[in-house]
Amino acid sequence: SQQGEEDPQALSIQEGENATMNCSYKTSINNLQWYRQNSGRGLVHLILIRSNEREKHSGRLRVTLDTSKKSSSLLITASRAADTASYFCATTSNTGKLIFGQGTTLQVKP
Amino acid sequence: EPEVTQTPSHQVTQMGQEVILRCVPISNHLYFYWYRQILGQKVEFLVSFYNNEISEKSEIFDDQFSVERPDGSNFTLKIRSTKLEDSAMYFCASSVGGTAGVAYEQYFGPGTRLTVT
């Protein structure tokens, strides 16, 4: 089964606006993680939220988790051009592997 | 800050040739992973490695793939006889832990872009 499907697939906003990306998954999870990938580069870990947590903040990032709806959202506040990247949610299997979604491509226009 | 490194950054090979992709995980990490990302698609798990053996492998990781930790620092992915469909970005990752039910951040390398012609 697929895990971690993001929406929207693409998002274009102006600098200073907020960006919200959503992720849905199908099976029960222990935690959910968000990663960023700049074009052609590796993945950078942004934030991890455990299944018993509902919200977590890190700088301009805010992640929520709703286990009843099997969904998570990533909010980037006061976006900057440097936030332009692809954002992926990933669930962790019982064996430790990450299962990624298709990702949301965010473009922040200066 | 410690980081995962990968070499080469780009590898071009002919179909049927063997390639070895190299990774140096973060020194105190114990769990190692390979993932791949075909252009425009999502990142897919290939294999996890702990205590000098494979912990888990995906359906993609068939007999043409192998992994090895030949010394205390390197972690390699070998593809014996490359196919056109092996063209992808290959990412190595490592983490401090990886046990069931416990969340650990995985640190990713910058990737090796493999092009099979």
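Below, the structure is looked at part by part. (Residues numbered from 1 in each chain as written. Chains lettered and ligands numbered in written order. Predicted model: local features only at pLDDT ≥ 70, side-chain atom pairs only at ≥ 80, totals over all residues. Heavy atoms only, no water.)

1. Here's the deal with the sheet that holds strand 8 (residues 71-76) of chain A
Residue and element names in this part refer to chain A.
Thought 1: With respect to topology, 5 strands assemble into an open sheet ordered 1-3-8-7-6, the strand pairing being antiparallel. The two strands at the open ends of the sheet, each matched to only one other strand, are strand 1 (5-7) and strand 6 (55-58). Here the average twist between neighbouring strands, direction ignored, is 20°.
Thought 2: Where strand 7 (residues 61-66) meets strand 8, 6 bridges bridge the pair, whose relative direction is antiparallel. Pairing of leucine 65 across the sheet is with serine 72, part of strand 8. (Pairing = 2+ DSSP bridges. Helix = DSSP H or I, 4+ residues; strand = E, 2+ residues; numbered from the N terminus. Axes fitted to C-alpha atoms, helices over the stretch in contact; angles between N-to-C directions.)

2. Some details on the pairing of strand 6 of chain A
Residue and element names in this part refer to chain A.
Thought 1: With 4 bridges connecting them, strand 6 and strand 7 associate as antiparallel partners. Across the sheet, the residue bridging to glutamate 55 is threonine 64, located in strand 7.
Thought 2: Taking the residues that link successive antiparallel strands as the turn, the strand 6-strand 7 hairpin has 2 residues, and the phi of glycine 59 there is positive, at about 60°.

3. Some remarks on the state of the cysteines
All names here are of chain A.
Thought 1: Overall, the coordinates contain 2 disulfides over all chains when judged by the stated rule.
Thought 2: In this model, cysteine 23 is linked to cysteine 89 through a disulfide, with the two sulfur atoms separated by 2.0 Å. Between cysteine 23 and cysteine 89, the S-S torsion sits near 70°, and that sign places the bridge as right-handed. On the criterion of sequence distance, the pair formed by cysteine 23 in strand 3 (residues 19-24) and cysteine 89 in strand 9 (residues 85-92) is long-range, its members being 66 residues apart.
Thought 3: On the basis of relative accessibility, which here comes to 2%, the residue cysteine 23 falls in the buried class. (Disulfide = S-S within 2.5 Å. Buried < 20%, exposed > 50% of the residue type's maximum accessible area, 1.4 Å probe, protein only.)

4. Remarks on the interface of chain A and chain B
Interfaces are often sized by the amount of accessible area the parts lose when they come together.
Thought 1: Contacts between the two partners involve 24 residues from chain A, matched on the other side by 22 residues from chain B.
Thought 2: Summing both sides of the interface, chain A and chain B together bury roughly 1,800 Å²; the carbon and sulfur share of this comes to 51%.
Thought 3: Three residues stand out in chain A for area buried against chain B, namely A:Leu43, A:Lys97 and A:Phe100, and they jointly supply 26% of the buried area on that side.
Thought 4: Our count for the chain A to chain B interface comes out at 1 salt bridge.
Thought 5: Linking A:Lys97 and B:Glu56 is a salt bridge whose minimum nitrogen-to-oxygen distance equals 2.9 Å.
Thought 6: The interface formed by chain A and chain B contains 5 residue pairs in polar contact (both at pLDDT 80 or more).
Thought 7: Broken down by secondary-structure element, the contributors of at least two residues to the side of chain A that touches chain B are strand 4 (31-37), strand 5 (43-50) and strand 10 (98-100) of chain A.
Thought 8: In the side of chain A that touches chain B, the residues fall into 6 nonpolar, 14 polar and 4 charged. (Contact = heavy atoms within 4.5 Å. Buried area = accessible area lost by both parts, 1.4 Å probe. Salt bridge = Lys/Arg side-chain N within 4 Å of Asp/Glu carboxyl O. Polar contact = N/O pair within 3.5 Å; in protein donor to acceptor, adjacent residues only side chain to side chain. Nonpolar A, V, L, I, M, F, W, Y, C, P; charged D, E, K, R; others polar.)

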